[in-house]
Amino acid sequence: EAAEKGGFPHYMLKEIYEQPWVLENTLGGRLREEEGDVDLGLALDPREVERVHFIACGTAAYAGWYGKYLMEILARIPAEWEVASEYRYRDPVVDGKTLAVAISQSGETIDTLEGIREAKAKGARTLGVINAKGSSITREVEEVLYIHAGPEIGVASTKAYTAMLAAMALLAVRFARARGTLSKEAAQALIREMRKLPRLVEEALEKRPIVAHIAEKYHQAQDFLFLGRHVQAPTAYEGALKLKEISYIHAEAYPAGEMKHGPIALIDERLPVVVLATRGPLYEKTLSNIQEVRARGGKVIAVATEGDEEIPKLAQDVIYLPEVHPLLAPIVSVVPLQLLAYEVAVLLGRDVDQPRNLAKSVTVE
Ligand code: G6P
């Protein structure tokens, strides 16, 4: 087993460190920079699709949330995301112009499988964004976009998440190009940034010492709050989920702009608040959210873009990440949040790879 972990103390840590290589695998052969497009080998014609439904569970559902943003921003197609256990039972409005996308690492999650069956029965076109080759969902859908993350053993998903995010970016670029909503030049710029992702994630991994220091400082906290806006809202939710899953600390995530409608009441000097504050369209608004947290005594741990000199004036702790296209920032930003959950869980002596009550793949309802 020690050999299988490649010298790492846990599968989860090994998988976190595999992410640069995984992104290379997910993206590598598919980018066509010269044409300003990506080659996904799909027969489906994006021009025949009028709406997209992303269906998934757990971590994969947050990838669907990110997919919704990218699909609408880049390809201008109405898109929704939903946890499969709701989708399958609520009689969703679906027709032949709907593309239902099941996102799943294992390809075996029962709710996701049943959700895609439901969409199919209503006449939807279907696509799987899947890791495990030949799994049940791959046999249920018309076409599969494999994320090529390799086997994931740690119960808490890490490398499959970043690979799913990369797959969402690929899908959105393809749809946007086919539908003429993204210029060749804009696509080329995005693709160039996608090429950099493995290296940028490598740089994010180098932040482990500062993350370990933050974990040391806050691992006794009862609760954590995670905030993010726009494409970083799903990142906040995934960060909170990782922490809950493996450390058993209660963590809640909120879209930062919604904080004033509730969670602001929870803020006091005992509450660490992790804020995704990388550069992007809502950066200034996020800064004011940080000020609101500070004004109430909350402890701010900010994830920020290298060179940002405003953030350290406001936050107690800053994790700097390399600059990247704002739409791709979640792929880099989630890495320190995975490390934070890991370091906290280890300090608390938790069973990182086999957290209590959780299963790697949930095949019964
Ligand atoms: C379980 C796992 C999670 C995972 C979810 C969905 O709850 O513990 O890590 O995100 O299932 O799994 P899937 O295989 O469908 O991506």
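What you are looking at is a predicted structure, and each value in this text was computed from that prediction instead of being measured.

How do you make sense of the overall build of the chain when you look at a structure like this?
Broken down by element type, the chain carries 13 helices and 12 strands. Its C-alpha atoms give the chain a radius of gyration of 20 Å, near enough to 21 Å, the size a compact globule of 365 residues would have. Seen along its three principal axes, the alpha-carbon backbone of the chain occupies a region of about 55 × 45 × 40 Å. Within the span of the chain, comprising 365 residues, buried residues form 54% of the whole. Of the contacts formed within the chain by residues at least 6 apart in sequence, a portion of 74% connects residues at least 24 apart.

Explain the site of the ligand here, please?
Around the ligand sit 16 residues, and of these Gly 58, Ser 104, Gln 105, Ser 106 and Thr 109 come closest. Top contributing element to the shell around the ligand by residue count: helix H3 (residues 58-75), with 3 residues.

Looking at this structure, how should I read the sheet that holds strand E11 (residues 299-305)?
One open sheet holds the 5 strands; their spatial order is E9-E8-E10-E11-E12, and the pairing between them is parallel. Only two strands of the sheet have a single partner each, and these edge strands are strand E9 (250-255) and strand E12 (317-321). Sheet twist, expressed as the mean angle between neighbouring strand axes with direction ignored, is 15 degrees. In terms of strand pairing, strand E8 (residues 223-228) meets E9 through 6 bridges, oriented parallel. Note that in E9 the partner of Leu 227 across the bridge is Tyr 254. Helix H11 (residues 283-295) contacts E8, strand E10 (272-277) and E11 of the sheet and is inclined by roughly 170 degrees relative to E10.

Help me out: how do you make sense of helix H8 (residues 184-205) in this one?
Note on helix geometry: an α-helix contains 3.6 residues per turn, so any two residues three or four positions apart are oriented the same way. Taking 1.5 Å as the rise per residue, H8 with 22 residues should run 32 Å; its terminal C-alpha atoms sit 32 Å apart, in good agreement. The principal kink in H8, of about 45 degrees, is found at Leu 197, preceding the proline Pro 198 by one to four residues. For H8, the set of buried residues is Ala 187, Leu 190, Ile 191, Met 194, Leu 197, Pro 198, Leu 200, Val 201 and Ala 204. Next to the buried residues of H8 lie helix H2 (19-27), strand E1 (31-32), strand E2 (37-38), helix H7 (159-178), E12 and helix H13 (329-347).

Please explain the nonpolar core as it appears in this structure.
Soluble, globular proteins show a tendency: their nonpolar side chains are buried together. In this structure, Met 164 and Ala 172 are the most contacted members of the largest nonpolar core, which totals 132 residues. Per-element accounting of this core gives the leading share, 15 residues, to H7. In this view, Ala 172 contacts Leu 70, Met 71, Leu 74 and Ala 75; residues no more than four positions away in its chain are not counted.

Explanation requested: the environment of Val 318 in the structure shown.
Along the polypeptide, Val 318 turns up in strand E12. Ignoring anything within four residues of it in the chain, the contact list for Val 318 reads Ala 302, Ala 304, Ile 311 and Pro 312.

Just to check I follow, could you spell out the sheet that holds strand E5 (residues 98-104) for this structure?
Adjacent strands of a sheet form backbone hydrogen bonds with each other and so pair up, either parallel or antiparallel. Read from one edge to the other, the open sheet built from 5 strands follows the order E4-E3-E5-E6-E7, with strand pairing classed as parallel. Each edge of the open sheet is held by one strand with a lone partner, namely strand E4 (79-83) and strand E7 (143-146). Each strand of the sheet is rotated relative to its neighbour by a mean of 20 degrees, with strand direction disregarded. Direction of pairing for E5 relative to strand E6 (residues 125-130): parallel, over a ladder of 6 bridges. Each residue of the ladder has a partner; that of Leu 99, found in E6, is Arg 125. Against the sheet, helix H5 (residues 110-121) touches strand E3 (51-56), E5 and E6, its axis set at about 170 degrees to E5.

Thresholds, definitions, all that
As a convention, each chain's residues are numbered from 1 in the sequence order in which they are written. Given that this is a predicted model, residues contribute local features only at a pLDDT of at least 70 and side-chain atom pairs are listed and counted only at 80 or more, while totals for whole chains, interfaces and linings are drawn from all residues. The secondary structure listing takes helices from DSSP runs of H or I that are at least 4 residues long and strands from runs of E that are at least 2 residues long, numbered from the N terminus. The globule rule used for comparison is 2.2 Å times the number of residues to the exponent 0.38, while the radius of gyration itself is calculated over C-alpha atoms. Put plainly, a residue is buried at 20 or more neighbouring C-beta atoms within 10 Å of its own, exposed at 12 or fewer, and partly exposed in between, counting only other residues' C-beta atoms, which are placed from the backbone. Contacts here follow a simple rule: the backbone-placed C-beta atoms of the two residues must lie within 7 Å. Here, nearness is defined through the C-beta atom: a residue counts as near a molecule or strand if that backbone-placed atom lies within 6 Å of it. By this definition, two strands are paired if DSSP reports at least two bridges between them. Under this scheme, a helix contributes an axis fitted over its contacting stretch, all axes are lines through C-alpha atoms, and angles between N-to-C directions fall in the 0 to 180 degree range. Helix span is expected to be 1.5 Å times the residue number reduced by one. What is called the bend at a residue is the angle between a pair of axes, fitted to the seven residues leading up to and ending at it and to the seven starting from it. Put simply, a nonpolar core is a cluster of buried Ala, Val, Leu, Ile, Met, Phe, Trp, Tyr and Cys residues tied together by C-beta atoms within 7 Å.

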